[in-house]
Amino acid sequence: MLRARELDSPVLWLPRATVLDVRAGRGGVRLLEQAQDEEQIITRVAGLDIGKASLVCCARVPDEAHPGRRLQEVRTYPAMTRSLIGLAERLAALGVTRVVMEATSDYWKPVFYLLEAHGFEVWLVNARDVKHLPGRPKTDKLDAVWLCKVAERQMIRPSFVPPAPIRMLRDLTRYRVDLIAEAGAERQRAEKLLEDAQIKLSVVVSDLFGMSGRAMMAALIGGQRDPHTLAELARSSLRRKIPDLREALTGHFTDHHAFLLGKMIARIEQIEADIRDVDARIEAQLAPFAPAAARLREIPGIGSAAAATIIAEIGVDMTRFPTPAHLAGWAKFAPGVKESAGRRKGNGATGHGNRYLARVLGQIAVSAARTDTFLGERYRRIARRRGAKRAIVAVGRSVLTIIWHLLSATEARFHDLGSGFYLSRTDTERRKRNHIRQLEALGYHVTLDLAA
């Protein structure tokens, strides 16, 4: 049932721009100047407060009989598919055009996808942006009403939700990260188990799970305990360390250790097989975006896995981010601004963004730092003055800027500026003064003669 509600805000909302800006005119007289802001009410909007088992929907539409008033309906729906279809049909009957919901765990996903498939403009918003005002009662129904009122006045902004093909790619790349973490944790357990058995193999072998390490652990599981026999399983350059291997393989490895190590090795091998399957699936899912991925791989430090992760997290449509600065701000690779009483506060921290994107950008920055490229020199210059962490953020932002341009224009290609870019742009006289100052600080008297 729809009930009439007046606009209960002290702010006057007008259809055209009426925000006035005060500026100084001739003779110090203050003039009022019309700004370009445009306030507009979304006439037919719905807000959803979502839970695991149910959701509360508040729909607000104009009251045709009483201009200036609004009709409001608040209903509770089970979170089952049949009920959600009924919700979509009810919203369509009311003529609702925009549906807004909070990002509540993963419970928003089925609701979002179903309403999106029914043709609604669905917005996912950050719960922090629509936090309920203190001092007011809080229930699921009141939260839905509050969200709807905030949404109809356009006082919130939507979160980035990529299209379905990108979402599927994102599921795969994120699951791959989880599998790699599980394999790493299992390898650490195996190494600790060997330490418990006084087998110091990881001290001599750089990669415990390389070909030689796996062969020795398999022999231990199979019942071989003789250090000399185990050491002879070393391959390639590791054979030069056979005397050290004999010492490292002398311990107290029992059948108890063999049982646990066998389970750990089997689990690691299964995870590695799953990773290979996921990689094949990622390659197939990435096929429609292969040209974009190929352009990203031209950037130093970006391989196939990193390119897939980047596309999965930000997509290929850069119209969602009007400028590179918008993309860097969304990814939290831009310093935050906090100012009060005309003074900057805080340390300019970037905040917490997309952790999967931040992880891959950090890996790219560290890889690029080892190269003789523009990005590598940028990392080294900043790391010397500000430290490695700030250098990683700065290079990550530069990489995001490059990515934005490569994805915005299909004809764009990456061209490295070279490690000497900074020196070629630095004033020669200033560089000369800096070198002289450094030598004089060491106690030298400097005389310059121009080379022939």
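Analysis parameters
Residues numbered from 1 in each chain as written. Predicted model: local features only at pLDDT ≥ 70, side-chain atom pairs only at ≥ 80, totals over all residues. Heavy atoms only, no water. Phe/Tyr/Trp six-rings, centres within 6.5 Å; stacked < 30°, edge-to-face > 60°. Helix = DSSP H or I, 4+ residues; strand = E, 2+ residues; numbered from the N terminus. Buried < 20%, exposed > 50% of the residue type's maximum accessible area, 1.4 Å probe, protein only. Lys NZ or Arg CZ within 6 Å of the ring centre and 35° of its normal. Salt bridge = Lys/Arg side-chain N within 4 Å of Asp/Glu carboxyl O. Core = buried A, V, L, I, M, F, W, Y, C linked by side-chain atoms within 4.5 Å. Contact = heavy atoms within 4.5 Å. Pairing = 2+ DSSP bridges. Right-handed = clockwise from strand over helix to strand, strands pointing away.

A. Just the packing of aromatic side chains, in detail. Counted according to the given criterion, the structure contains 7 aromatic pairs. Where F374 meets F421, the ring centres are 5.5 Å apart and the plane angle is 85°; that geometry is what we call edge-to-face. Of this pair, F374 sits in helix α14 (residues 374–386) while F421 is found in helix α16 (residues 421–425), placing the two residues 47 residues apart along the sequence. Residue class for F421 comes out partly exposed when judged on its relative accessible area of 22%. Connected via pairs of aromatic rings, a cluster forms that spans W108, F112 and Y113. In this structure, R98 is placed above the aromatic ring of W123, and the distance from its NZ or CZ to the ring centre is 3.9 Å. The cationic tip of R187 hangs over the ring face of F209; the distance from NZ or CZ to the ring centre is 5.7 Å.

B. Structural view of the pattern of salt bridges. Using the criterion set out here, one finds 22 salt bridges in the structure. For R98, the salt bridge is made with E121, and the minimal N-O distance between the two is 3.4 Å. Placement of R98 in strand β7 (residues 98–102) and of E121 in strand β8 (residues 121–125) is noted, with a sequence separation of 23 residues between them. Among the ionic contacts, a cluster of salt bridges with common partners joins R60, R70, E152 and R153.

C. Examining the nonpolar core more closely. Judged by nonpolar contacts, the single largest core of 52 residues is most densely connected at L296, I310 and I311. Secondary-structure elements contributing two or more residues to this core are α4 (164–196), α9 (255–285), α10 (290–296), α11 (304–314), α13 (355–369), α14 and α15 (388–408). No other element matches α15, which puts 10 residues into this core. Discounting residues that sit within four places of it in the chain, I310 has contacts with L296, I302, G315, L357, V360, I364 and I403.

D. Molecular detail of the pairing of β7. Among the 5 residues in β7, 5 count as buried, and that is most of the element. Burial along β7 is two-sided: the face carrying R98, V100 and E102 and the face carrying V99 and M101 are both buried. Both strand β4 (residues 45–50) and β7 contribute to a ladder of 4 bridges, which runs parallel. Note on β7: the bridge partner recorded for G47 is V100. Here β7 runs beside β8; their pairing, made up of 5 bridges, is parallel. Of the residues in β8, the one forming a bridge with R98 is E121. A crossover connection joins β7 to the parallel β8 through helix α2 (residues 108–117); in handedness this β-α-β unit is right-handed.

Remember that the coordinates give geometry; whether it matters functionally is a separate question.
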